[in-house]
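# Structural overview
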Amino acid sequence: MKKLLACLLVLSLFALPVLAEEQVDAFSTASVADFYGAAGLAGDDLMNAINSYNGFFAVASVNPDGTPNIGFYIYSCIKLNDVYYLQLGLAPNQTTANMDNGSKLMAMYASVPATEGENVTPYATVGARMNLEKVTDEATVAALKEIAPQSSEMFYEIVHVRPLG
């Protein structure tokens, strides 16, 4: 009887990987529903809103242990050849270490809630979530530095834009 139980235990241990859930790519699958509908910002409207410095802005990265990290940056949005880029400024810390280690980045911009007019709301519903990719092309970095408002060389292309929630 003990041998039978031991065999069943060993067989069940081999079955665990089959029963285990497959890894989920949280970066591309998190929050796939747009609760607020298409009330997002994109293109020049998003660039102008970001550059107004009148709203909420944060960038998320992933720590080496897989935990989330959220950073608040000095930021600007730049348009070069119909492509939008974020210029980030941040003193060296865990967030910049994550960036240097190749962490994917996601940024969020939310407009300050309206206090007058038709769209009065107590919370931000208009803005954008942006997937970012680091600009590594030296010619593009040089061109961005010529038109950038800051001295930082941290440039990220906005590769995908979605509404806030």
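Report on the accompanying structure. All values derive from a computational prediction rather than experimental measurement.

### What to know about the overall build of the protein
Per the secondary structure count, the protein includes five helices and seven strands. Sequence-ordered secondary structure for the protein, helices as α and strands as β, is α-α-α-β-β-β-β-α-β-β-α-β. Burial analysis of the protein (165 residues in total) assigns 35% to the buried set. Long-range contacts, defined as pairs at least 24 residues apart, comprise 72% of the intrachain contacts of the protein with a sequence gap of at least 6. Accessible surface, the protein as shown: approximately 10600 Å² in total, 59% of it carbon and sulfur.

### A word on the sheet that holds strand S2 (residues 68-71)
Here seven strands make up an open sheet; going across it, the order is S2-S1-S5-S6-S7-S4-S3 and the pairing antiparallel. Strands with a single pairing partner mark the edges of an open sheet, and in this sheet they are S2 and strand S3 (74-80). Within the sheet, the average angular offset between the axes of one strand and its neighbour, ignoring direction, is 35 degrees. Pairing between strand S1 (residues 55-62) and strand S5 (residues 105-111): six bridges, direction antiparallel. Bridge pairing in S5 places Phe57 opposite Tyr109. Running at roughly 150 degrees to S3, helix H3 (residues 43-51) makes contact with S3, strand S4 (83-89), S5, strand S6 (127-134) and strand S7 (154-162) of the sheet. With respect to the sheet, helix H5 (residues 138-147) is in contact with S3, S4 and S7, its orientation differing from that of S3 by roughly 110 degrees.

### Looking at the pattern of salt bridges
Within the structure shown, the criterion is met by three salt bridges. Put simply, Asp44 and Lys79 hold a salt bridge, and the shortest N to O gap is 3.2 Å. Of the two residues, Asp44 sits in helix H3 while Lys79 sits in strand S3, which places them 35 residues apart along the sequence. Through salt bridges with shared partners, one network takes in Asp44, Lys79 and Asp82.

### Things to note about the pairing of S3
Taking burial as the measure, the seven residues of S3 include five buried ones, the bulk of the element. Bridge count between S3 and S4: seven bridges; the pairing is antiparallel. The partner of Ile78 across the bridge, within S4, is Tyr85. The hairpin turn running from S3 into S4, its antiparallel successor, is two residues long, and Asn81 in that turn takes a positive phi close to 55 degrees.

### Quick notes on the packing of aromatic side chains
Under the defined criterion, the tally for this structure stands at two aromatic pairs. Summarising the aromatic geometry, the rings of Tyr53 and Tyr75 are spaced 5.4 Å apart at their centres and angled 45 degrees between planes, so their arrangement reads as tilted. With Tyr53 in the loop between H3 and S1 and Tyr75 in strand S3, this pair connects stretches of sequence that are 22 residues apart. Residue Tyr53 is classed as partly exposed on the basis of its relative accessible area of 48%. Ring geometry for Phe57 and Tyr75: centres 3.9 Å apart, planes at 25 degrees, overall stacked.

### Focus on H3
Among all positions of H3, only Leu46, Met47, Ala49 and Ile50 are buried. Down the axis, H3 shows its buried residues gathered within 165 degrees of arc, on one side only. As for H3, its buried residues are in contact with S3, S4, S5, S6 and S7. Just downstream of H3, Tyr53 is the residue with a positive phi angle, here 55 degrees.

Basis of the calculations
- Residues numbered from 1 in each chain as written.
- Predicted model: local features only at pLDDT ≥ 70, side-chain atom pairs only at ≥ 80, totals over all residues.
- Heavy atoms only, no water.
- Helix = DSSP H or I, 4+ residues; strand = E, 2+ residues; numbered from the N terminus.
- Buried < 20%, exposed > 50% of the residue type's maximum accessible area, 1.4 Å probe, protein only.
- Contact = heavy atoms within 4.5 Å.
- Areas by Shrake-Rupley, 256 points an atom, 1.4 Å probe, with all protein chains shown as cover.
- Pairing = 2+ DSSP bridges.
- Axes fitted to C-alpha atoms, helices over the stretch in contact; angles between N-to-C directions.
- Salt bridge = Lys/Arg side-chain N within 4 Å of Asp/Glu carboxyl O.
- Phe/Tyr/Trp six-rings, centres within 6.5 Å; stacked < 30°, edge-to-face > 60°.
- Arc of directions from axis to C-beta.

Any functional reading would require information beyond the geometric quantities listed.
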